[in-house]
Amino acid sequence: MGKLKKFMAHADMVKISCVDTTDIVENARKIHKLNPTPTAALGRVLTMGILMGTMSKGEKDKVTLQIIGDGNLGSILVTADSFGNVKGYVSHPLAEAEKKENGKLNVSGIIGNGELRVIKDIGIGEPYIGSVPLQTGEIAEDFTYYYAISEQIPTAIALGVLVNKDGSVKKAGGYIIQALPDTPDQILMLIENRIAESTSITDMLEEGKSLEEIATFISDDLNTYEVEERDVNWKCDCSKERMKRAICSMGKKDIEELAEDEQTQVECHFCNSKYVFSKEEILDMISE
Ligand SMILES: [Zn+2]
């Protein structure tokens, strides 16, 4: 379980969401048996998923984030709901790249060039799909660019995953800070300077700083106050019924092919749960 808090600052002109996703990213690492650099890559996108999902207006809203790169990692897919539940996977969990000169995990090195896609599903009508070319492949910068292009709101994003020597997750978290369009430049400058002089989000968590302390520091406003607190979780909502619907959505010919086998096993990409359908069950789907 992770923790997310929302704050307001500068007389409600600036809003901040700050989240600790350490447990969630560690969970993802174990489920997908991720190498360190894919742990950092997926962890950053999972963290962004929670930040964006919990910013949705409607309870039924879902947001899906895709990073489609030409590097060894392949693509990343993350889905989050408005309650702070998130799930995700990468194409190649064992992808690796040499560390950067500063000793940091080389996330852009396994992502490469490509595209960032944001799919917002509000439960009715066609989902909204936005996409931008990847800027650095380091993910936080790519989402910052997405906001600049798609929403034209001054936005700063930090996402981080710190990995132990044994590959387990030491700290993971992130924040998004946004200012109303008419916020004075002076305030934007204060925040910009603070972000520039701050250590990384994972260093701040590692130093034992609370989400309040982090939000107050980056906003540079001692009157920053909390407006919401919620638990956030890794959660996959797959079930045999859902898998059945997925099979039913395939073409009739493909389903008939499955019926030739005594058993059909379907695996959930998000959590690796396996579901087994008997020949009879498949035949029933065809007749339905
Ligand atoms: Zn699942």
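One can find the structure itself at the top, above this paragraph.
Residues numbered from 1 in each chain as written. Predicted model: local features only at pLDDT ≥ 70, side-chain atom pairs only at ≥ 80, totals over all residues. Heavy atoms only, no water.

Q: I'd love a proper account of the sheet that holds strand β4 (residues 75-81), names of residues and values included.
A: Overall, mixed pairing links the 10 strands, which are arranged β7-β6-β3-β4-β5-β10-β1-β2-β9-β8 in an open sheet. Looking at strand neighbours, the two that pair on one side only are β7 (128-133) and β8 (155-163), the edges of this open sheet. For this sheet, the mean inter-axis angle between neighbouring strands, taken without regard to orientation, is 15°. Direction of pairing for strand β3 (residues 62-69) relative to strand β6 (residues 114-121): antiparallel, over a ladder of 8 bridges. Bridging across to β6, Lys62 finds its partner in Asp121. Lying over the sheet, helix α7 (residues 211-219) contacts β1 (2-9), β2 (14-20), β9 (169-179) and β10 (225-234), oriented at roughly 35° with respect to β1. (Pairing = 2+ DSSP bridges. Helix = DSSP H or I, 4+ residues; strand = E, 2+ residues; numbered from the N terminus. Axes fitted to C-alpha atoms, helices over the stretch in contact; angles between N-to-C directions. Contact = heavy atoms within 4.5 Å.)

Q: Describe the coordination of the zinc ion, listing the residues and the values that go with them.
A: In an ideal tetrahedron of four donors about a metal, each angle is 109.5 degrees. In an ideal octahedron of six donors, the angles are 90 or 180 degrees. Only Cys236 (SG), Cys238 (SG), Cys268 (SG) and Cys271 (SG) from the protein reach the zinc ion as donors, at distances of 2.2 to 2.3 Å. Taken together, the 4 donor atoms surrounding the zinc ion define angles of 102 to 114° at the centre, an arrangement classified as tetrahedral. All donors to the zinc ion come from one chain, and their sequence spacing reads C-x1-C-x29-C-x2-C. When its relative accessible area of 4% is taken as the criterion, Cys268 is described as buried. (Donors = N, O, S within 2.8 Å, 3.2 Å for Na, K, Ca; no water. Tetrahedral: all angles 85-135°; square planar, octahedral: opposite > 155°, others 65-115°. Buried < 20%, exposed > 50% of the residue type's maximum accessible area, 1.4 Å probe, protein only.)

Q: So what about the nonpolar core? Which residues, and what values?
A: Grouped together as the largest cluster of nonpolar side chains are 46 residues, with contacts concentrated most on Met48, Met52, Ile76, Ile111, Ile139 and Phe143. Broken down by element, the residue count for this core peaks at 9 residues, all from helix α2 (residues 36-53). Among residues more than four places away in sequence, those in contact with Ile76 are Ala41, Leu42, Val45, Leu65, Gln66, Ile67, Tyr89, Val90, Ile111 and Ile139. In terms of nonpolar packing, the next biggest core, distinct from the first, is built from 18 residues, Ala9, Val14, Ile191 and Ala215 among them. (Core = buried A, V, L, I, M, F, W, Y, C linked by side-chain atoms within 4.5 Å.)

Q: Could you give me a rundown of the pattern of salt bridges, with the residues and numbers involved?
A: Inspection of the entire model under this criterion finds 23 salt bridges. For Asp231, the salt bridge goes to Lys3, with nearest N and O atoms at 2.8 Å. Of the two residues, Asp231 sits in strand β10 while Lys3 sits in strand β1, which places them 228 residues apart along the sequence. On the basis of relative accessible area, Asp231 is assigned to the partly exposed category, the value being 34%. For the salt bridge of Arg117 with Glu115, the shortest nitrogen-to-oxygen distance reads 3.2 Å. Here Arg117 falls in the partly exposed class, since its relative accessible area comes to 28%. Shared partners join several salt bridges into a network, and the residues in it are Lys3, Lys5, Glu212, Glu226, Glu229 and Asp231. (Salt bridge = Lys/Arg side-chain N within 4 Å of Asp/Glu carboxyl O.)

Q: For the side chain of Thr22, give the residues involved together with the corresponding values.
A: Relative to the assigned elements, Thr22 resides in helix α1 (residues 22-32). Of note is the side chain of Thr22, whose polar atom sits 3.1 Å from the backbone nitrogen of Ala172. Contact partners of Thr22, with chain neighbours within four places excluded, come to Val169, Lys170, Lys171 and Ala172. (Polar contact = N/O pair within 3.5 Å; in protein donor to acceptor, adjacent residues only side chain to side chain.)

Taken by themselves, the reported measurements are silent on function.
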